[in-house]
Amino acid sequence: MRHAEVSVPKPLVEVGGRPILWHVMAIYAAQGFTRFVLLTGHGSDEVERFAAGLDTGWDVTCLQTGLETPTGGRVHRAASLLGEGTFCLTYADGVADIDLAGLMARHHDHGRAATMTVVRPNTQWGVANLEDDDRITGFTEKPKLESWINGGFFVMEPAALERIGADDILEQAPLGALADRGDLFAYRHDGFWACMDTYKDTLVLNELWDGGNAPWSGLVKA
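If you're wondering where the values come from, they're calculated on a predicted model, not measured in any experiment.

Calculation notes
- Residues numbered from 1 in each chain as written.
- Predicted model: local features only at pLDDT ≥ 70, side-chain atom pairs only at ≥ 80, totals over all residues.
- Heavy atoms only, no water.
- Helix = DSSP H or I, 4+ residues; strand = E, 2+ residues; numbered from the N terminus.
- Polar contact = N/O pair within 3.5 Å; in protein donor to acceptor, adjacent residues only side chain to side chain.
- Contact = heavy atoms within 4.5 Å.
- Core = buried A, V, L, I, M, F, W, Y, C linked by side-chain atoms within 4.5 Å.
- Buried < 20%, exposed > 50% of the residue type's maximum accessible area, 1.4 Å probe, protein only.
- Phe/Tyr/Trp six-rings, centres within 6.5 Å; stacked < 30°, edge-to-face > 60°.
- Lys NZ or Arg CZ within 6 Å of the ring centre and 35° of its normal.
- Arc of directions from axis to C-beta.

## Quick look at the side chain of Thr 69
Part 1 of the reasoning: Residue position: Thr 69 is located in the loop between β4 (59–64) and α3 (71–77).
Part 2 of the reasoning: Only 2.4 Å separates the side chain of Thr 69 from the backbone oxygen of Thr 65, close enough to count as a polar contact.
Part 3 of the reasoning: Look past the residues within four positions of Thr 69 in its chain and what remains in contact with it is Arg 74, Arg 77 and Ala 166.

## Focus on unusual backbone geometry
Phi is mostly negative for residues that are not glycine, and the peptide bonds are mostly trans.
Part 1 of the reasoning: At Asp 134, a residue that is not glycine, the phi angle is positive and equals roughly 75 degrees.
Part 2 of the reasoning: Examined against the element boundaries, Asp 134 turns out to sit in the loop between β8 (127–130) and β9 (136–140).

## Here's the deal with the nonpolar core
Part 1 of the reasoning: Counting residues in each nonpolar core, the largest one holds 36 residues, and the members touching the most others are Met 25, Trp 58, Ile 98, Phe 153, Leu 205 and Trp 216.
Part 2 of the reasoning: Among the elements of the structure, α1 (20–29), β3 (35–40), α2 (44–52), β6 (94–96), α5 (100–110), β10 (149–156), β12 (193–195) and α8 (199–210) are those that each provide at least two residues to this core.
Part 3 of the reasoning: Broken down by element, this core gets its largest block of residues, nine residues, from α1.
Part 4 of the reasoning: Setting aside residues up to four positions removed in sequence, Ile 98 forms contacts with Ile 27, Gln 31, Leu 103, Thr 117, Phe 153, Tyr 187, His 189 and Leu 219.
Part 5 of the reasoning: Counting 17 residues, the second largest nonpolar core, distinct from the first, contains Val 75, Leu 82, Leu 89 and Met 156.

## With respect to the packing of aromatic side chains
Part 1 of the reasoning: One pass over the structure, following the stated rule, counts six aromatic pairs.
Part 2 of the reasoning: Pairing Phe 36 with Trp 58 gives two aromatic rings, centres 5.4 Å apart and planes at 55 degrees, and the pair type is tilted. Of the two residues, Phe 36 is situated in strand β3 and Trp 58 in the loop between α2 and β4; the sequence distance between them amounts to 22 residues. Here Phe 36 matches Trp 58 in class, with each residue buried.
Part 3 of the reasoning: Each residue in the set Tyr 28, Phe 33 and Phe 153 is aromatic and connected to the rest through ring pairs, giving one cluster.
Part 4 of the reasoning: Across the ring face of Trp 22, the terminal group of Arg 18 is positioned such that the distance to the ring centre comes to 4.4 Å.

## Some remarks on α2
Part 1 of the reasoning: Where α2 is concerned, the buried positions are Ser 44, Val 47, Phe 50 and Ala 51. One face of α2 carries all of its buried residues, which in axial projection span an arc of 120 degrees. Residues of α2 that are exposed and point over 90 degrees away from its buried face: Arg 49 and Ala 52.
Part 2 of the reasoning: Buried residues belonging to α2 abut β2 (18–19), α1, β3 and β4.

## Here's the deal with the environment of Gly 138
Part 1 of the reasoning: Considering the arrangement of structural elements, one finds Gly 138 in strand β9.
Part 2 of the reasoning: Distance in space between the C-alpha atoms of Gly 138 and Val 127 is 8.6 Å, their sequence separation being eleven residues.
Part 3 of the reasoning: Beyond its immediate stretch of four places on either side in the chain, Gly 138 contacts Val 127, Ala 128 and Asn 129.

Rendered as structure tokens:
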């Protein structure tokens, strides 16, 4: 017998019996951020039901931003809800033991339009250690990248919204324009960070949570 496939919106894929979206929101709420605007697309009805069923005291608004709208376009459509002052912005699939007070302090210190958390995740491969003559002296198992990448936890001012258009991918033209103007600064997070991009990532996050080894668990209440 063939069974119908059930498609779960990515933000509602569960880690430790809770949607990954709940984990992201709980990281913020545990550090004093309890007003949320969820920018929905695929599975918006399911996300809205999730939000309506929360018994947390959080102030949650869901905004349908279109099925195919790129990341920047979703933020652009929410400008009327975000443009009154400093706001945080993140994706619905990344968790970290991030110090949001530190992030906010970094943002206010430089006084520009936007701050992007940058991280150095571990590679998925072991690395061969080579001498100049190509002699292998050993191996390092899945070391951290030397370069910093976008960690997805942002702080922005209304001025940043002026650089984000209706058809923009946030990570391309908008962030590039902010960087060109000297309006984008980094907050270096050297602790735990993980993004749930694949099924394997989901398994790893569940194993961490179920084993009591999830570094972000200290920031949230199950």
